[in-house]
Amino acid sequence: MNWYDKLNKYFPVEEMKSRKHMETLLAEKEGIYGKDEGPHHVLMYAEFDDFLFVDYLYVSSESRGQGLGGKLIRKLKEKGKPIILEVEPVDYSDTDTAKRLKFYAREGFNHARRIGYSRRSLATGEKNDLEILYWSPDQADEDTVEQAIFDGMRRTYEEIHTFKDADFYGKSYEPADDVFDFHREQERKDDILQPFAASV
């Protein structure tokens, strides 16, 4: 099974980019959009000057529990930049979402509780709420870090997620202003990683 088929089988349709979209990113954003692939994993990511974005991380079921996911994340951490990724809200009926959050809690990620993120899927036409997780090598205060994560996430949306979208899908995604919201401090969301941090 090739790298795209592995991702397509694992990730829900509303989260998947088309193969043409991803191949074009790899070709036209060389040095920014990259792929790390092995027999049991596929990691798609974007590297900007001041942060990294994990687009997709797939580890085969037969190799889970062997530390492969942690090794891939540590390889990114060695670059010394904040790491951003998006996850589905926890669904306790889906054990994969809980395992994923436990993994990121164990790897020292935080939940960006001031960032609202809701985008319409071009595949289904439905709005999907997503949560932003981040890891930062700096010990800056939470508000400063989350503002930087917000700016980085908007940049990722505009340069990666919506790159040539009309060419690939026949229509465009919503503008970033309609997708992202930076909540006031008193409107922070509950920390979705907190229940998993206790068990790490």
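Treat the numbers as computed from the prediction; the structure is a model and nothing was measured.

Colleague: When you look at the overall build of the chain in this model, what are you seeing that I'm missing?
Modeller: Helices and strands together make up the secondary structure of the chain, namely eight helices and nine strands. Computed over C-alpha atoms, the radius of gyration of the chain comes to 16 Å, within 12% of the 16 Å expected from 2.2 N^0.38 for 200 residues, which places it in the range of a compact globule. With the C-alpha coordinates of the chain rotated into their principal frame, the extents come out at 40 × 40 × 35 Å. Looking at the chain as a whole, 50% of its 200 residues qualify as buried. Long-range pairs, those at least 24 residues apart, make up 66% of the contacts in the chain between residues at least 6 apart in sequence. Of the accessible surface of the chain, which amounts to about 10100 Å², a share of 44% is contributed by carbon and sulfur atoms. Between the mean site of the 30 positive side-chain charges and the mean site of the 41 negative ones, the chain shows a separation of 5 Å.

Colleague: Is there a simple way to think about unusual backbone geometry in this case?
Modeller: Trans is the common state for peptide bonds, and a negative phi is the common state for residues other than glycine. Unlike most non-glycine residues, K164 shows phi in positive territory, near 50°. Residue placement: K164 occurs in the loop between α5 (142-161) and α6 (165-169). Taking relative accessible area as the criterion, K164 reaches 36% and is therefore assigned partly exposed.

Colleague: Is there a simple way to think about the packing of aromatic side chains in this case?
Modeller: With the rule as written, the count across this model stands at 13 aromatic pairs. Relative to Y4, the ring of W3 has its centre 5.9 Å away and its plane inclined at 90°; by these criteria the two rings are edge-to-face. Summarising the burial analysis for this pair, W3 and Y4 share the class buried. Relative to F182, the ring of F150 has its centre 5.2 Å away and its plane inclined at 50°; by these criteria the two rings are tilted. Here F150 is found in helix α5, whereas its partner F182 is found in strand β9 (residues 180-182), with 32 residues between them in sequence. Owing to a relative accessible area of 10%, F150 belongs among the buried residues under this scheme. When its relative accessible area of 23% is taken as the criterion, F182 is described as partly exposed. Three or more aromatic residues joined by ring pairs make a cluster, and in this case those are Y117, F150, Y157, F180 and F182.

Quick notes on the rules
- Residues numbered from 1 in each chain as written.
- Predicted model: local features only at pLDDT ≥ 70, side-chain atom pairs only at ≥ 80, totals over all residues.
- Heavy atoms only, no water.
- Helix = DSSP H or I, 4+ residues; strand = E, 2+ residues; numbered from the N terminus.
- Rg over C-alpha atoms; globule rule 2.2 N^0.38 Å.
- Buried < 20%, exposed > 50% of the residue type's maximum accessible area, 1.4 Å probe, protein only.
- Contact = heavy atoms within 4.5 Å.
- Areas by Shrake-Rupley, 256 points an atom, 1.4 Å probe, with all protein chains shown as cover.
- Lys, Arg positive; Asp, Glu negative; His and termini not counted.
- Charge placed at Lys NZ, Arg CZ, Asp CG, Glu CD.
- Phe/Tyr/Trp six-rings, centres within 6.5 Å; stacked < 30°, edge-to-face > 60°.

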